[in-house]
Amino acid sequence: QEIHIKEPIEKEVNPRLLPGELLLCEASTVYKYIQEDGSNRGTYGKLICTNFKIAFLDDDCASDDNEPQFKNKIIGENDITLQCVDQIYGVYDEKKKILTGQLRKYPEKLIIYCKDLRVFHFCLRYTKEEEVKRIVSGIVHHSQTPKLLKRLFLFSYASAAPNNTGKYGRNQTVMFDTLEDWRGELERTKGNVKYKAVTTNEGYRVSEKLPLYFVVPICVSEESILKYEGRGIPVWCWSCHNGAALLKMSAFPKEQDDSTSQMQKAFLDGIYKTISKPPYELLKTDDLSSSLPSLQDIQTAYTRFKQLFLIDNSTDFWATDVKWFSLLESTNWLEIIRRVLKKAIEVAECLERQHTNVLLIEESATDLCCVISSLVQVMMDSYSRTKSGFQSLIQKEWVIGGHCFLDRCNHLHKSDKEEAPVFLLLLNCVWQLVQQYPPAFEFTETYLTVLSDSLYVPIFSTFFFNSQHQKDTNVSGESLKTESGPFRFLTVWDWSVQFDPKAQAFLNNPLYAEKPKPEKSQRKTARFKHQRQLSLPLTQTKSSTKRGFFREETDHLIKNLLGKRIGKFINSSDEPPNSFREFYDSWHRKPVDYHGLLLPCIDGPEIKVWAQRYLRWIPEAQLHGGGTIATAAKILDLMEEVQSLQVKMDEEHSQVI
Amino acid sequence: LFFAFANEEKFSENGWMVYNPMSEYRRQGLPNGRWRVTFINEHYGLCDTYPSLLVVPYNATDDDLKKVAAFRSRNRIPVLSWIHPETQAVIMRCSQPLVGMSGKRNKDDERYLDIIREANGQISKLTIYDARPNVNAVANKATGGGYEGEDAYPNAELFFLDIHNIHVMRESLKKLKDIVYPNVEESHWLSSLESTHWLEHIKLVLTGAIQVADKVSSGRSSVLVHCSDGWDRTAQLTSLAMLMLDSYYRTIEGFEVLVQKEWISFGHKFASRIGHGDKNHADADRSPIFLQFIDCVWQMSKQFPTAFEFNEQFLITILDHLYSCRFGTFLYNSESLREKEKVTEKTLSLWSLINSEKSKYTNPFYTKELNRALYPVASMRHLELWVSYYIRWNPRIRQQ
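Residues numbered from 1 in each chain as written. Chains lettered and ligands numbered in written order. Predicted model: local features only at pLDDT ≥ 70, side-chain atom pairs only at ≥ 80, totals over all residues. Heavy atoms only, no water.

Per an unreviewed UniProt entry, chain B goes by the name Myotubularin and belongs to Phaethon lepturus. Listed under Sequence similarities (unreviewed entry) in UniProt, the entry text for chain B is "Belongs to the protein-tyrosine phosphatase family. Non-receptor class myotubularin subfamily." (UniProt positions renumbered as here; feature names shortened; annotations may be inferred.)

Chain A is annotated in an unreviewed UniProt entry as Myotubularin-related protein 12 from Phaethon lepturus. Word for word, the UniProt comment on chain A under Sequence similarities (unreviewed entry) is "Belongs to the protein-tyrosine phosphatase family. Non-receptor class myotubularin subfamily."

Spelled out as structure tokens, the structure:
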């Protein structure tokens, strides 16, 4: 049920290797600085590089008596997976130089910056020259140079540990790799009246980018799906309680050829017409590539932002402290978070109050579409705020939805141009909601933090493929090779792989305001009440005026479609200009229903830095015995106490009987 | 006069009983062989802005104290605020020495500081923290003040803590108000916030208090804290250092004692700083020094959510009644004036309100920990604007 970790043969400095993990190179008497504060405090040990990780093995492991309360079973504090390495620097005569590719000279010091914001300083001055050469070039080669997909540790691990039968049941997280999963989701959201799950892409006949199964409006024909490899087809994400749906669509690339683009436009017109007819609601489209920052902007902002947390020494930390707020602002990262949250509120307003379908458009519909559609669901659907609900959402929109994790995380070091922290952007936005409304979430910020760390742990397939197709083809290829049964990858959602039960407790929010389960007979009234709290007074009702408005809107839409590109209609002139503000303000005037609609506060003071993720490894910023984790630990203690009292009471009770 | 004198509310608890200086010093294990209680100021004859009961070195006579008083601004002589239960190192507070332009010296003051240093058997130098920026301390010489020079006090080392004066703090808060009221600054929130310098001042106050606390605790050295008069920055530093070192002050009642002791009894000029009943809003004596202290406490409670028995509401309530005049607690500038106006007889204490409804002000996550020093991280990375106080009236800002 758990990972089999080979027992170290020699007790002291032998590395603990996972199944399929191979030691590639090592160097002894490496000095690791505890803190680069000029005091040169540190420990000697062995630096190793395997096909999975870089690890520092403390010579004096006996000192590791105080086991931390929260510990990862796979990745130790001195382990860096190859995918977690961000940048490697060498220090030559006090000068820092970035290390990539072939090296001519070997540095006396090695600095490794990690994607999870850890910083390691290794001194190689006392290491044998031969070993320095081997370890430095080994580390640089294995973590910084382009790699083939099949060389990811994922594959060696899965073939060496075929007993990972995926005991992790499907009952919790919906994986969305079967038709039933999609049907279940349609049923859950009552979207099945107007939308259907299709099998058109079986065998990836339509496109390798699309999932095997997905959902489209019932009126969309199989031919039209097949026509442009799924482009121009509204794909269903989610249905709101009032029937309005959130859809996404992969746009046509800009065509040089006029007749082609005319045909595509005509095709789109047809699609829009079909899905704008009753019973479908009004349709609003939003071209995210023009209404949100570009992936390039996001990547630039995050690169600057994370740099603020990769601190070399104490002097740097305090020198930048006074200007901290303006430094933060200059990265633009928090502003991007704010804009994304604002966009999600706009979409929620259309669905919730205006009763319109919203169609998100993006070239591939697998980046910003995923961010916005996930955020909207987290805000509007309390199921997405449970742990399994959130995991199912990530499966639906991101993993099966076809977000290119490999390219966006640049796991294979193929191209820097494709890199963009799109998934991290979502987690950062969700974190804002979690810290603003803790009782509304079944999971904690720690959950989000370890989830973000898991992006770089290549024993789970979850974040290591670009699409379902890519994963499927690789699995079937490998399965032929292995004889010991089906080839299976682990899913990150099986948290027991990384954490023992005690650590897992920190992932669950004990203060979660659980939804009271209504009795069957009461369900109807409860549902009604829920809706009332959820909905705002509708400005429009289904009347003839609406139909008129509707037609105008369609005309307008078509006009625009014939124009240069698809325009955005959210906040178009047809709406009162302040409808967003009004919606936002009126929601904030009411008490929060933790199971209803949840809108983030987006005023400046409310958008914060995710301190746990970004500050946790900086010694100067550590709150010993404090921080939000102190509260969590206290609550867990209290719960344990209550449980033991309960046990005692039960015992006494049974004795009395 | 003030509503507090007409207030006929009834509470089950009597807040005036919370602070008894004698029992607070006993709690600290005083008097002992090295420290004694003196009644020299019983009728406020020595210093009219100090409390009547003071703790001073056993080896200093009342006569010595009188001589020292002549050399300290407004006679605010060095007296004990807190003693470390293990190291026996102490936190002393006072006002600046009257050195002046000519660099006057006073043998009695010099000897008195040496007695303080020796009281815990300390061989190393006595540490003096002057809360002011160096230049301000120098400038004070022009008006007769100054600081302890190396020549005159060879057994002491002096550090400046760079905390600005009441005028700077007042202007900073004014700027802060401008960016949150009537509307919260929409764009460039962070740089606007930075330009108010409010959190930077908070950082400096906390940094100073950490140094004081660390010196007494890890450095095992007695410290002397002063600014100019020793009733603004000095009160902030001693009370925050005590809060870091002594977990008793992190309880509801302990905190009330701390405020009564370090702020109210030692003559923080509440009347002048707040301007109770005074219509001259531009008065240069006004300054949010106590608010700044409470903000520092809030920052600490935010960083250590389980270390304080009280919650945010407790701090907000204190601030609300700092201005309300519903209670006598924060009226007048000194204990002597309060005695003259019979405040304890004629008004109610804020602590009556709070202690009668303690559960409302209790932090459910409080974990009692004895003798644990609590050092906040005085970095902008962790300091935040106290939104639920400064922006609580804005409907768009979420309240916890």
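Once the structure has been displayed, the description carries forward.
Inspection of the secondary structure assignment puts Lys634(A) in helix H22 (residues 628–656). Of the side chains bearing the opposite charge, Asp637(A) lies closest to the buried Lys634(A), which forms no salt bridge; the N-O distance is 6.5 Å. Once you skip the residues sitting within four places of it in the chain, Lys634(A) turns out to touch Thr306(B), Phe365(B), Tyr366(B) and Thr367(B). (Helix = DSSP H or I, 4+ residues; strand = E, 2+ residues; numbered from the N terminus. Buried < 20%, exposed > 50% of the residue type's maximum accessible area, 1.4 Å probe, protein only. Lys, Arg positive; Asp, Glu negative; His and termini not counted. Salt bridge = Lys/Arg side-chain N within 4 Å of Asp/Glu carboxyl O. Contact = heavy atoms within 4.5 Å.)

A few words on the nonpolar core. Ranked by internal contacts, the top residues of the largest apolar core, which has 237 residues, are Phe390(A), Ile459(A), Leu240(B), Phe255(B) and Phe290(B). When residues in this core are grouped by element, the largest group, twelve residues, is from helix H10 (residues 333–352) of chain A. Counting contributing residues per domain, this core is built from domain 1 (23–145) and domain 2 (179–506) of chain A, each supplying no fewer than three. Ignoring sequence-local partners within four residues, the contact set of Phe290(B) consists of Val259(B), Trp263(B), His268(B), Phe270(B), Ile318(B), Leu319(B), Leu322(B) and Phe330(B). By size, the runner-up hydrophobic cluster in this structure holds 38 residues, among which are Trp35(B), Ala60(B), Val90(B) and Leu126(B). (Core = buried A, V, L, I, M, F, W, Y, C linked by side-chain atoms within 4.5 Å. Domains from an automatic or database assignment.)

Residues and elements named next belong to chain A. Spatial strand order, E4-E3-E2-E1-E8-E7-E5-E6: eight strands in an open sheet with antiparallel pairing. Strands with a single pairing partner mark the edges of an open sheet, and in this sheet they are strand E4 (79–81) and strand E6 (95–98). The average undirected angle you get between the axes of adjacent strands in this sheet is 30°. Strand direction decides the pairing type here: strand E3 (residues 53–58) and E4, joined by three bridges, are antiparallel. Bridge pairing links Ala-55 to Asp-79 in E4. Along the sheet, helix H1 (residues 129–144) contacts strand E1 (23–33), strand E2 (42–50), E3, strand E5 (85–92) and strand E7 (109–114); its crossing angle with E1, the most-contacted strand, is approximately 110°. (Pairing = 2+ DSSP bridges. Axes fitted to C-alpha atoms, helices over the stretch in contact; angles between N-to-C directions.)

Attention shifts here to the interface of chain B and chain A. With 33 residues of chain B at the interface, the matching set in chain A holds 42 residues. Each partner contributes to the roughly 3400 Å² buried at the junction of chain B and chain A, and carbon and sulfur atoms together form 56% of this total. Counting the contacts that link chain B with chain A gives four salt bridges. We note a salt bridge from Lys203(B) to Asp321(A), for which the minimum N-O separation is 2.5 Å. Summed over the shared surface of chain B and chain A, the result is 17 residue pairs in polar contact (both at pLDDT 80 or more). Listed by contribution, the elements that provide at least two residues to the side of chain B that touches chain A are helix H6 (189–196) and helix H7 (198–217) of chain B. The greatest single-element share of the side of chain B that touches chain A, amounting to five residues, is contributed by H6(B). Of the residues assigned to the side of chain B that touches chain A, the class counts are 17 nonpolar, seven polar and nine charged. (Buried area = accessible area lost by both parts, 1.4 Å probe. Polar contact = N/O pair within 3.5 Å; in protein donor to acceptor, adjacent residues only side chain to side chain. Nonpolar A, V, L, I, M, F, W, Y, C, P; charged D, E, K, R; others polar.)

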